[in-house]
Amino acid sequence: MEASSYGTGISAVTNGKTKIHQPVAKDVNIFFDELEGVNSPSKDDDSLLHHGNLTSTSDDASRLEAAGEGEHDKNKSNGLYFRDGKCRIDYILVYRKSNLQTEKREVFERNIRAEGLQMEKESSLTNSDIIFVKLHAPWEVLGKYAEVMNVRMPFRRKIYYLHRRYKFMNRIEKQISRFRGWLPRKPMKLDKETLPDLEENDCYTAPFSQQRIHHFIIHNKDTFFNNATRSRIVHHILQRVKYEEGKNKIGLNRLLSNGSYEAAFPLHEGSYRSKNSIRTHGAENHRHLLYECWASWGVWYKYQPLDLVRRYFGEKIGLYFAWLGWYTGMLFPAAFIGLFVFLYGVTTLSHCQVSKEVCQATDIIMCPICDKYCPFMRLSDSCVYAKVTHLFDNGATVFFAVFMAVWATVFLEFWKRRRAVIAYDWDLIDWEEEEEEIRPQFEAKYSKKERMNPISGKPEPYQAFADKCSRLIVSASGIFFMICVVIAAVFGIVIYRVVTVSTFAAFKWALIRNNSQVATTGTAVCINFSIIMLLNVLYEKVALLLTNLEQPRTESEWENSFTLKMFLFQFVNLNSSTFYIAFFLGRFTGHPGAYLRLINKWRLEECHPSGCLIDLCMQMGIIMVLKQTWNNFMELGYPLIQNWWTRRKLRQEHGSHRKASFPQWEKDYNLQPMNAYGLFDEYLEMILQFGFTTIFVAAFPLAPLLALLNNIIEIRLDAYKFVTQWRRPLASRAKDIGIWYGILEGIGILSVITNAFVIAVTSDFIPRLVYAYKYGPCAGQGEAGQKCMVGYVNASLSVFLVSDFENRSEPASNGSEFSGSPLKYCRYRDYRDPPHAPVPYGYTLQFWHVLAARLAFIIVFEHLVFCIKHLISYLIPDLPKDLRDRMRREKYLIQEMMYEAELERLQKERKERKKNGKSYHNEWP
């Protein structure tokens, strides 16, 4: 009865007197025909237009009086319904009357009505030139296209059953439940009373079918399809409606690109704020519920309501937040172990033999680290840096590097399982993307050449193989050129460091003069960060240009190509300086008396006497903190400022009281549109952070902790932005995170290689190990404790005769301030023979032992970790066993339920026929 009463017709008022009732199949244009005339719609259908006001017209008033329902008045006032208070607004189109694309809009809107959609127009309250087109899909249209789009809808309640367990297991579970009774309730779980009962999660679903409509659970046809699904169906229709004669003149996207419409978006479900408490009065709408349970800062420690996010924003955005939440959760063990490594360094600092020797080496004079202006210095002056280096480079570093390589694999493998569970719960297992439409740019470029599409069997534009290859070569050349630009920027930073270290060494302030190398590193990192941010703007434009030059066929191909380019550009831009410091700084400087120089002029920069690791830690710490702070500001601060400025202008022009009474479409239009590239910026930020967290984690164990703290904030920032600052994005479906998963796997492989090189080349782990087993007091005893490191500092330093300095390298002072007489010898970090050896300054045998040990460590470390990674990948199945069993059981139960429902229907029909005196032979069953 409910279905028939809903679909019988729509009432309309003619001249304020007569009501007309028609079947819906013939009534798709009745409301408009009564208002504007059937035969000749006026320009842009302006007769549909109601000037912006908050009071209804006389026709609306008479219609509401005839209805006599208070609910319609409420619906009408909240800005989510048509003027009759019955038809919910499913989609909004916005255009300007001054726009010249009038004819295209006329044809497009006429065809929209022919498809069965209902339409109203409203002028803006703030600008009479702006027109809002409100669209509503009746039940028949929703049912028709839901069947075409294979929208899965609930049709039977799920049957939960318990696995058969042994008595012993039951006893254990009872004991565990008793123990849990003494513990406090899980604080991170959301209150179930607050969240609505999402029916589709408790029901079996099947593709909607109008022929089998009696199988589905339909309590109310108005709410059977949720708002996100309704908007998705309307958008599907709009993408297939013609606006001009011609096979390619079709779809809303083309009208948005050519300026016929200014914006198109679904409406938010009302305000996200309420005067009443959600605990006492409940949520006003799903947007209010999301704000209170997800986007509010007070719930930062709670789990995300992913089912509600999916219902409001769609599966694609829901999957992003599911991945972000999973990544954040997996960072907890990594952050804990990294903090443990750091604290281990703090607790063992007082027992570290190497830092003790550095701090007590008052009689060891180090050679100057730059030409002329840098003075001789005592090794003990770098005591603080030696202690800080030990905090990050200690006995637990190698274990942490192996742990993080394994962690990255476990994270990706368990995400596969988590994604499979989400895909099952959200009915994405059997979902396949529709055949994508060809991009208008591709059609315009290759419209003269056509070939048959093997899927649709229709002719479509075709790009020749030679043309495609030539464009890819040009694009690859552009990528290579931009990477060269990055390398040039790094080269500029290197020159800055080389020149500035001498400038700071001659600085007037003693604080900077005595810490010239740290000042050089700090300022270089800040300048590098500024260059990174400036080049990112350039890279976006270049990536856009190169992607359009390639002429991808579909939007997904365009998105994947653009994503790969932007990731390559930004990854190289962000990490190039870090790679230089980790693997090149201080490696190719030569030795005193024979320094290697840039362009035979600038002496290459040396590492600090305590090692290069402190420079790498500073680089990573500063870049990571600044980058995350800047990203968070741009993500939330920019939309906040833009929306604040819009609200300020509205208050000045119309007053604060008038703004509060704006309809929902006006409020949403004044919000910021979602990024043109969708979730690209959100994913890119997190993927780059994942790279920072894994690639150089051996040098900076606190990186996972910083990433964890940032992500806890990031989840709520993104949630707040989606709920309050952006227009509601179209709910779209996706099975996974797309190309980003492959990028994550590539980063995981790269992290194994880089961490192996960081431990072997950048840190002093291998030289210490070689000294302990081969040259130290415990040589040949198989021990490597702190007592075996006695004398390591002296053994790692070589001797240089001061008189062998080049003229341009000779320091301004002669070192007489240390001993009262000019220095004859100074020390430097390397394994070289003394000046009076048969081959002066030649490599010692210890150098070759250390080099061989480094190469052996890299090979063993990489093979061991890769074997562990592949073993873990093999042992962890992509689909959990219980999920596989649930899927099989659900398939079986669905078949049984369909059979029983069909049987019940046929039996009911048979009884009705007998009751009416009609009988047929050979009936079944």
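Every chain's residues receive numbers from 1 upward, in the order its sequence appears when written. Only residues with pLDDT of at least 70 are given local features in this predicted model, and only at 80 or more are side-chain atom pairs given and counted; all residues enter the totals for whole chains, interfaces and linings. The basis for every side-chain value is the complete set of non-hydrogen atoms in the structure, without hydrogens or water.

This is how the line gets drawn: UniProt positions are given in the numbering used here, feature names are shortened, and annotations may be inferred rather than shown by experiment.
Looking up the protein in an unreviewed UniProt entry gives the name Anoctamin, with the organism given as Alligator mississippiensis. Taken verbatim from the UniProt record of the protein, the Sequence similarities (unreviewed entry) comment is "Belongs to the anoctamin family."

## What about the overall build of the protein?
Here is the rule: Numbering goes from the N terminus for both helices and strands, where a helix is a DSSP run of H or I of at least four residues and a strand is a run of E of at least two. Only protein chains enter the accessibility calculation, which uses a 1.4 Å probe. A residue is then buried if its area is under 20% of the maximum for its type, exposed if over 50%, and partly exposed in between. Contact between two residues is taken to exist if any of their heavy atoms lie within 4.5 Å; hydrogens are not considered. For every accessible area listed, the method is Shrake-Rupley and the probe measures 1.4 Å; residues are considered covered only by the protein chains on display.
In terms of regular secondary structure, the protein is built from 33 helices and 19 strands. Buried residues in the protein amount to 50% of all 925 residues. Pairs at least 24 apart in sequence give 75% of the contacts found in the protein among residues at least 6 apart. With an accessible surface of roughly 45,800 Å², the protein has 58% of that area assigned to carbon and sulfur atoms.

## A closer look at the UniProt feature "transmembrane region" (unreviewed entry) in the protein
Sequence positions flagged by UniProt for "transmembrane region" (unreviewed entry) are, in local numbering, residues 320–346, 396–415, 472–498, 518–539, 567–588, 687–709 and 737–761. What you have in residues 687–709 is 70% helix and 0% strand, and the ends, taken at the C-alpha atoms, are 16 Å apart. Helix makes up 92% of residues 737–761 and strand 0%, and the two end C-alpha atoms of the span are 36 Å apart.

## Observations regarding the confidence of the model for the protein
Counted only if it meets this: A score between 0 and 100, pLDDT records how confident the predictor is in each residue.
With 82% of its residues at a pLDDT of 70 or more, the protein shows a mean pLDDT of 78. Predicted confidence for residues 50–68 stays below pLDDT 50, and this span has 36 contacts to residues more than four positions away or in other chains. Across residues 920–925, confidence stays below pLDDT 50; counting only partners more than four residues off in sequence or on other chains, it has 10 contacts.

## Details of the packing of helix α22 (residues 555–583) against helix α26 (residues 680–695)
Convention followed: Axis lines are fitted through C-alpha atoms, for helices just across the contact stretch, and the angle between N-to-C directions can take any value from 0 to 180 degrees. A crossing counts as left-handed when the near helix is turned anticlockwise from the far one by less than a right angle, and as right-handed when that turn is clockwise. Each residue gets one label: Ala, Val, Leu, Ile, Met, Phe, Trp, Tyr, Cys and Pro are nonpolar, Asp, Glu, Lys and Arg are charged, and the others, such as Gly, are polar.
In contact at an axis separation of 11 Å, α22 and α26 are set at 35 degrees when each is read in the N-to-C sense. Like other packed secondary-structure pairs, α22 and α26 cross with a definite hand, here right-handed. Residues F562, T563, M566, F567, Q570, F571, L574, N575, T578 and F579 of α22 form the contact with α26, whose own contacting residues are F680, L684, I687, L688, F692 and I695. Along the lines of polarity and charge, the residues of the contact of α22 with α26 split into 12 nonpolar, 4 polar and no charged.

## So, the state of the cysteines
Short version of the rule: Counting rule for disulfides: a pair of cysteine sulfur atoms within 2.5 Å.
Under the definition given, this model contains 3 disulfides. Across a sulfur-sulfur distance of 1.9 Å, C359 and C383 are joined as a disulfide pair. On the sign convention where negative means left-handed, the S-S torsion of about 80 degrees between C359 and C383 marks this disulfide as right-handed. You can see C359 sitting in helix α15 (residues 353–360) and its partner C383 sitting in helix α16 (residues 383–392), a full 24 residues away along the chain. Given a relative accessible area of 14%, C383 falls into the buried group.

## Regarding the packing of helix α14 (residues 315–347) against helix α27 (residues 703–725)
As a reminder of what qualifies: Any angle that falls under 35 degrees is termed roughly parallel, while one over 145 is termed roughly antiparallel, one within 65 to 115 roughly perpendicular, and all others oblique.
Following both chains from N to C, one finds α14 and α27 inclined at 160 degrees, their axes separated by 7 Å at the closest point. It follows that α14 is roughly antiparallel to α27 by the angle criterion. Where α14 crosses over α27, the two elements pack in a sense that is left-handed. Between α14 and α27, the residues in contact are I317, Y320, F321, L324, G325, Y327, T328, L331, F332, A334, A335 and L339 and P704, L705, A707, L708, N711, I712, E714, I715, D718, A719 and F722, respectively. Broken down by class, the residue content of the contact of α14 with α27 amounts to 18 nonpolar, 3 polar and 2 charged.

## Looking at α14
So the rule is basically this: Here the expected length of a helix is defined as 1.5 Å per residue gap, with one fewer gap than residues. The term bend refers to the angle at a residue between two fitted axes, each drawn through seven residues, those ending there and those starting there.
Given a rise of 1.5 Å per residue, 33 residues ought to cover 48 Å, and the 48 Å separating the end C-alpha atoms of α14 matches this to within 8%. Taken as a whole, α14 carries its principal kink of about 30 degrees at F332; the proline P333 stands between one and four residues after it.

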